[in-house]
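These are the residues of each chain, in order.
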Amino acid sequence: MNAADYEKMAEQFDGNVTMIRLLSKYVREYADQIKDNAERSRMYQLADRTAHGQSRKEREWETLTNAARTYSGRRASDNPEPGFVVAMAKKWDDEPAQEAISNF
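Everything numeric in this text was worked out from a predicted model, so none of it was measured.

So, how was this worked out
Residues numbered from 1 in each chain as written. Predicted model: local features only at pLDDT ≥ 70, side-chain atom pairs only at ≥ 80, totals over all residues. Heavy atoms only, no water. Core = buried A, V, L, I, M, F, W, Y, C linked by side-chain atoms within 4.5 Å. Buried < 20%, exposed > 50% of the residue type's maximum accessible area, 1.4 Å probe, protein only. Contact = heavy atoms within 4.5 Å. Axes fitted to C-alpha atoms, helices over the stretch in contact; angles between N-to-C directions. Helix = DSSP H or I, 4+ residues; strand = E, 2+ residues; numbered from the N terminus. Parallel < 35°, antiparallel > 145°, perpendicular 65-115°, else oblique. Left-handed = near helix turned anticlockwise from the far one by under 90°.

Engineer: How do you make sense of the nonpolar core when you look at a structure like this?
Structural biologist: Most often, soluble globular proteins keep nonpolar side chains buried together rather than apart. Grouped together as the largest cluster of nonpolar side chains are 10 residues: Ala3, Tyr6, Ala10, Leu23, Val27, Ala31, Ile34, Met43, Leu46 and Ala47. The contact partners of Leu46, leaving out residues within four places of it in the chain, are Tyr6, Glu7, Ala10 and Val27.

Here is the structure:
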């Protein structure tokens, strides 16, 4: 199997926590043996995405909640300065944030 095959399996079993975690184990083992840097990198990324058994929607939701914490200024400290909060709030208009919202 190659990276594309493992990615297809991850897509096929999206939402099946047990299967995704099991797949992650084999993906990481396979990645450790690959000589090609690009293929190995692709496999490590897949192993990281599947390590917790989360579905794509769960990962997207986690990304959005982390962005909300960051862009609201809550991640910096318990009492962020107003200027920081205003600067972070403007990030909601940036393309990555809007794309994540649209894709969810």
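Engineer: Can you help me understand the packing of helix H1 (residues 3-12) against helix H3 (residues 37-50) in this one?
Structural biologist: Helices that pack against each other are described as a pair by the angle of their axes relative to one another and the distance between those axes. Their axes nearest at 10 Å, the elements H1 and H3 cross at an angle of 15°. One element, H1, and the other, H3, form an angle in the roughly parallel class. Here H1 and H3 pass one another in a crossing that is left-handed. In contact with Ala3, Ala4, Tyr6, Glu7 and Ala10 of H1, H3 contributes Glu39, Arg42, Met43, Leu46, Arg49 and Thr50.

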